[in-house]
Amino acid sequence: AAMADGEGLVSVDYEVHGKVQGVFFRKYTQGEAKRLGLVGWVQNTSHGTVQGQIQGPAARVRELQEWLRKIGSPQSRISRAEFSNEKNIKALEHKEFQILK
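These figures come from a predicted structure and were not determined experimentally.

## Remarks on the sheet that holds strand S2 (residues 39-44)
Strand pairing in a sheet is mediated by backbone hydrogen bonds. Such pairs are either parallel or antiparallel. Spatially, five strands are ordered S4-S1-S3-S2-S5 in an open sheet, and the strand pairing comes out mixed. The open sheet is flanked by strand S4 (77-89) and strand S5 (97-99), the only strands paired with a single partner. Neighbour-to-neighbour, the strand axes of the sheet open up by a mean angle of 15 degrees, direction not taken into account. As defined by bridge partners, S2 adjoins S5 across three bridges and the pair is classed as parallel. Bridge assignment links valine 42 to a residue of S5, and that residue is isoleucine 99. Contacts from helix H1 (residues 25-36) reach strand S1 (9-19), S2, strand S3 (50-57), S4 and S5, with the element oriented near 175 degrees to S5.

## Digging into H1
For an α-helix the count is 3.6 residues per turn, leaving residues at separations of three or four pointing the same way. When the terminal C-alpha atoms of H1 are compared, their 16 Å separation across 12 residues agrees well with the 16 Å that a helix rising 1.5 Å per residue should span. Each element contacted by the buried residues of H1 is listed here: S1, S2, S3, helix H2 (58-70), S4 and S5.

Cut-offs applied
- Residues numbered from 1 in each chain as written.
- Predicted model: local features only at pLDDT ≥ 70, side-chain atom pairs only at ≥ 80, totals over all residues.
- Heavy atoms only, no water.
- Pairing = 2+ DSSP bridges.
- Helix = DSSP H or I, 4+ residues; strand = E, 2+ residues; numbered from the N terminus.
- Axes fitted to C-alpha atoms, helices over the stretch in contact; angles between N-to-C directions.
- Contact = heavy atoms within 4.5 Å.
- Expected span 1.5 Å × (residues − 1).

Limitation: the analysis is restricted to geometry and does not speak to function.
Okay, structure coming up:
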């Protein structure tokens, strides 16, 4: 994906709490990330949350953060989304947006 000039790349980790497992949350997150041209990963955790990492142009990353905070998959009920380890990166560290087992 072509990156807009002067738009820096960022990397941010996330964890989403609520009813987010067994509701196709990972599949929808991957679809949304691909639509936005972002890379990273998503996986279920053993304690009932979904976590992962997003990388891409800052503005697009913000869009996915909003989506993770408020929308999610149709059957999900998000109680909260936490973001951490945000940093600027020179290049993307992932080739695509993957669902990890």
